Amino acid sequence: MKDEVREEAYAKLNLTLDVTGKRSDGYHEMLMVMQTVSLADTITLKRTEGRGISAVCNFRYIPTDRRNLAVRAAELFCSERGIPESGVQIVIKKNIPVGAGMAGGSADAAAVLRGMNRLFEAGMNRKELEALAGQVGSDVAFCVAGGTALARGRGEALLDLDPMPDCCIVVCKPGFSISTPELFQKLDQIHLRRHPDTAGMQAAITEGDLRGCTMRMYNVFEEVPDRRMRTVAEIKSAMLDFGALGAIMTGTGSAVFGVYQDAGTAEKCAAELSREYKFCSVVRPIKRLSI
Ligand code: ATP
């Protein structure tokens, strides 16, 4: 029996994000092409003498009680597997910026589910872990195996796609975050003028056509009237000036990413943007994990 396991909790980006309707249960109907990238938090699960789940995090302002998705995932795993007496400490080392639209909390929760599965040698398969993940949060199911996928519904209905063509991606987050509920509320008040070509994006991915992918990157949340979108637009245009093939906001922001064919151009862009913006990093697409 293992005493400790470690998992990388990879961030996601939205290559497309569409809102296609509002459901009778109040949730929005989403249609998104999601991509895992190499920026990751590290999750270490340690067995402890005591009972129950506890957590520590290097970011002081992140709650370590049940408000933390990682804690909720571990508790759900224990109750589902009938191991309520177990003592586990979750050590979260965050590298993914918080409130960026990069699913940091969801990635941590998914990594906890994979890690608990190994720690307790529970032998759950991918589908079983994704079903548990869906109970923790909308993006958590995608983060279980990641890679490139089409997500529908609240984001939990997944269809595997071929891996995105290899490239370098500059991710840049301005100093502010954008509240997800607030942006959904604002979206409800407008009529969307444009929707992403999701089928075209899927076809470009299948063909391994990076330019085709970048041409079709689009996020409907950028249409929302909000003065912070001016900063988003500024970062996007700087990325394009530095040679990006395409640039959009991910999720409900505030992070923006630009896709580059070569590492040198991406590094130069990141160096320039990091003079002005708080977080800037060069990442790469990551393929689906096998579970
Ligand atoms: P998404 O892309 O899924 O919309 P996000 O990247 O915008 O998410 P997160 O960084 O996941 O947002 O966190 C948003 C909020 O969730 C924060 O206010 C934070 O307090 C809470 N939270 C709960 N658990 C975690 C966690 N493990 N890591 C980071 N934030 C967490």
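Residues numbered from 1 in each chain as written. Predicted model: local features only at pLDDT ≥ 70, side-chain atom pairs only at ≥ 80, totals over all residues. Heavy atoms only, no water.

A.B. asks: Is there a simple way to explain the pattern of salt bridges in this structure?
C.D. replies: As a working rule, side chains carrying opposite charge can pair if their charged atoms are close by. Summed over the entire model, instances satisfying the criterion amount to 23 salt bridges. With its nearest N and O atoms 3.1 Å apart, the salt bridge here joins Glu8 to Arg6. Residue Glu8 is classed as partly exposed on the basis of its relative accessible area of 27%. Judged by relative accessible area, Arg6 falls into the exposed class, the value being 53%. (Salt bridge = Lys/Arg side-chain N within 4 Å of Asp/Glu carboxyl O. Buried < 20%, exposed > 50% of the residue type's maximum accessible area, 1.4 Å probe, protein only.)

A.B. asks: Explain the side chain of Ser106 here, please?
C.D. replies: Residue placement: Ser106 occurs in helix α2 (residues 104–119). With sequence-adjacent residues up to four places away left out, Ser106 is seen in contact with Leu69, Asp139, Val140 and Cys143. (Helix = DSSP H or I, 4+ residues; strand = E, 2+ residues; numbered from the N terminus. Contact = heavy atoms within 4.5 Å.)

A.B. asks: What is the right way to look at unusual backbone geometry in this model?
C.D. replies: A negative phi angle is the norm for most residues apart from glycine, just as the trans form is the norm for most peptide bonds. Note that the residue after Gly253, namely Ser254, is joined by a cis bond; omega there is 5 degrees. Note that Ser254 resides in the loop between β9 (246–249) and β10 (256–260). Of note in the backbone geometry, Glu121 takes a positive phi value of approximately 45 degrees without being a glycine. Inspection of the secondary structure puts Glu121 in the loop between α2 and α3 (126–136).

A.B. asks: Mind showing me how you'd approach the site of the ligand here?
C.D. replies: Asn68, Gly99, Ala103, Gly105 and Asp139 are the nearest of the 20 residues found near the ligand. Backbone polar atom of Met102 to an oxygen atom of the ligand: 3.1 Å apart, as the coordinates give it. In isolation the ligand exposes 610 Å². Once the protein is present, 75% of that is buried. (Near = heavy atom within 4 Å. Polar contact = N/O pair within 3.5 Å; in protein donor to acceptor, adjacent residues only side chain to side chain. Areas by Shrake-Rupley, 256 points an atom, 1.4 Å probe, with all protein chains shown as cover.)

A.B. asks: Would you explain the nonpolar core in this entry?
C.D. replies: Within soluble globular proteins, side chains that are nonpolar tend to cluster in buried spots. Membership of the largest hydrophobic core comes to 101 residues, with the highest contact counts inside it found for Ile90, Met116, Phe221 and Met239. In terms of domain composition, this core takes at least three residues from each of domain 1 (4–160) and domain 2 (168–283). Look past the residues within four positions of Phe221 in its chain and what remains in contact with it is Leu17, Val19, Met30, Leu183, Phe184, Leu187, Met229, Met249, Gly251 and Thr252. (Core = buried A, V, L, I, M, F, W, Y, C linked by side-chain atoms within 4.5 Å. Domains from an automatic or database assignment.)

A.B. asks: What should I look at first to understand the packing of aromatic side chains in this one?
C.D. replies: For any pair of aromatic rings, the description consists of the separation of the ring centres together with the inter-plane angle of the planes. Enumeration according to the criterion identifies 3 aromatic pairs in this entry. The cationic tip of Arg154 hangs over the ring face of Tyr27; the distance from NZ or CZ to the ring centre is 4.1 Å. Across the ring face of Tyr218, the terminal group of Arg194 is positioned such that the distance to the ring centre comes to 3.8 Å. (Phe/Tyr/Trp six-rings, centres within 6.5 Å; stacked < 30°, edge-to-face > 60°. Lys NZ or Arg CZ within 6 Å of the ring centre and 35° of its normal.)

A.B. asks: Mind showing me how you'd approach the sheet that holds β10 here?
C.D. replies: Think of a sheet as strands paired side by side through backbone hydrogen bonds, with each pair either parallel or antiparallel. Judged by pairing direction, the sheet is antiparallel, and its 4 strands sit side by side in the order β9-β10-β7-β11 without closing on themselves. Edge positions in the sheet fall to β9 and β11 (279–283), since each of these pairs with one other strand and no more. Each strand axis lies, on average, 15 degrees off the axis of its neighbour in the sheet, ignoring direction. Against the sheet, helix α9 (residues 263–273) contacts β7 (168–173), β10 and β11, and its axis sits at roughly 10 degrees relative to β7. (Pairing = 2+ DSSP bridges. Axes fitted to C-alpha atoms, helices over the stretch in contact; angles between N-to-C directions.)

A.B. asks: What exactly am I supposed to notice about the environment of Thr214 here?
C.D. replies: Position of Thr214 among the secondary structure elements: in helix α7 (residues 210–215). Sequence separation between Thr214 and Thr16 is 198 residues, and the spatial gap between their C-alpha atoms is 9.9 Å. With near-sequence residues (within four places) excluded, Thr214 lies in contact with Leu245, Gly246 and Val259. Of note is the side chain of Thr214, whose polar atom sits 2.9 Å from the backbone oxygen of Arg211.

A.B. asks: Explanation requested: the domain arrangement of the protein chain in the structure shown.
C.D. replies: In many analyses, interface size is given as the accessible surface area lost on bringing the parts together. As far as domains go, the protein chain holds domain 1 (4–160) and domain 2 (168–283). A separation of 23 Å is found between the C-alpha centroids of domain 1 and domain 2. Residue-level contacts link 26 residues of domain 1 with 31 residues of domain 2. Here domain 1 meets domain 2 over a buried area of about 2100 Å², counting both sides, of which 69% is carbon and sulfur. The largest contributions to the domain 1 side of the interface with domain 2 come from Leu13, Leu15 and Leu17, which together make up 24% of the buried area. With its nearest N and O atoms 3.1 Å apart, the salt bridge here joins Asp188 to Lys22. Counting every contact that joins domain 1 to domain 2 gives 14 residue pairs in polar contact (both at pLDDT 80 or more). Elements supplying a minimum of two residues to the side of domain 1 that touches domain 2: β1 (4–22), β2 (28–47) and β5 (148–153). The greatest single-element share of the side of domain 1 that touches domain 2, amounting to 9 residues, is contributed by β1. (Buried area = accessible area lost by both parts, 1.4 Å probe.)

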